[in-house]
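# Report on the structure
So the chains spell out like this:
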Amino acid sequence: MNMMNVVPLQVTGAVTLAVVLLALWAGSGGGARGALRSAVLGLDRITTGLAALLACLALAIAAAAGLWQVIARFATETPSIWSEALVRTALIWMAYLGVALALRGGALVSIDVAHRLSSGALRRGLEAAALACSLSLMGIMFWFGWTMAQRVQFQEMAGLEVSMSWGYAAIPIGAVFAMIGAVAHFLDRREAELEYAA
């Protein structure tokens, strides 16, 4: 196996383990633990709010560009060359930023049944395993998303004439927001999704 392909997995695994252990340490108690927990939750309030705002803005841009595409095609009979690329790019950004909101709400790696049936150390272990899975996935997304954004920086999106890096940048940026949301969910678990479950 090529060493270049193993390095991202090794780095992601090591960082994930370190973050999960730190989150377990900060998860209870006062003093330095409480200060770290408060700092992470404060950062989460800012980043998750920003991710929500940007995801909504991306959806609004996609809807407006899609509407213009329909109007241009059928009303003026001169199809827009930029609107399809803008819709696609805006929806990609919306989806990757929305992952942060899903992780913060505990809706991505869902272990509802096991969580309901467990308690104490077993429950906390399941939560730590879910955090590790989320962080590992987001770490890999960040690494390869960053690599792809750099690789395509000199290519242009057809119709928009901007660097393709703007589209691929949604992957690493969304992954960073999502990692913060996952750690915040671990430290301050929200069970809102369970209220709507059947």
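Residues numbered from 1 in each chain as written. Predicted model: local features only at pLDDT ≥ 70, side-chain atom pairs only at ≥ 80, totals over all residues. Heavy atoms only, no water.

## Brief notes about the confidence of the model for the protein chain
Under the convention used in this document: pLDDT: the predictor's confidence for each residue, scored from 0 to 100. The secondary structure listing takes helices from DSSP runs of H or I that are at least 4 residues long and strands from runs of E that are at least 2 residues long, numbered from the N terminus. Should any heavy atoms of two residues lie within 4.5 Å, those residues are considered in contact.
Chain-level statistics for the protein chain give a pLDDT mean of 87 and a share of 92% at 70 or above. Looking across the protein chain, the model is least confident in helix α8 (residues 192–195), with a mean pLDDT of 50, and most confident in helix α7 (residues 170–187), with 94. Under a pLDDT of 50 for its full length, residues 194–198 has, in the predicted model, 3 contacts with residues more than four places off or in other chains.

## Some words on the packing of aromatic side chains
Applicable threshold: Each Phe, Tyr or Trp ring (for Trp, its six-membered ring) is paired with any other whose centre lies within 6.5 Å, and the angle between the two planes then decides the class: stacked below 30 degrees, edge-to-face above 60, tilted in between. We call a residue buried when its accessible area falls under 20% of the maximum for its residue type, exposed when it is over 50%, and partly exposed in between, using a 1.4 Å probe and counting protein chains only. Charge-over-ring placement is defined geometrically: NZ (Lys) or CZ (Arg) within 6 Å of the ring centre, and within 35 degrees of the ring normal.
Applying the stated rule across the entire model yields 1 aromatic pair. Geometrically, the ring pair formed by Phe-142 and Trp-146 is stacked, given 6.0 Å between the ring centres and 25 degrees between the ring planes. Taken together, the residues Phe-142 and Trp-146, both in helix α5 (residues 120–151) and 4 residues apart, mark about one turn of the helix. For Phe-142, a relative accessible area of 30% puts it in the partly exposed group. The ring of Phe-186 is capped by Arg-124, whose NZ or CZ atom sits 3.8 Å from the centre of that ring.

## Observations regarding the side chain of Thr-47
Mapped onto the elements, Thr-47 comes out in helix α2 (residues 32–75). Judged by its relative accessible area of 9%, Thr-47 falls in the buried class. When sequence neighbours within four positions are dropped, the list of residues in contact with Thr-47 reads Phe-177 and Ile-180.

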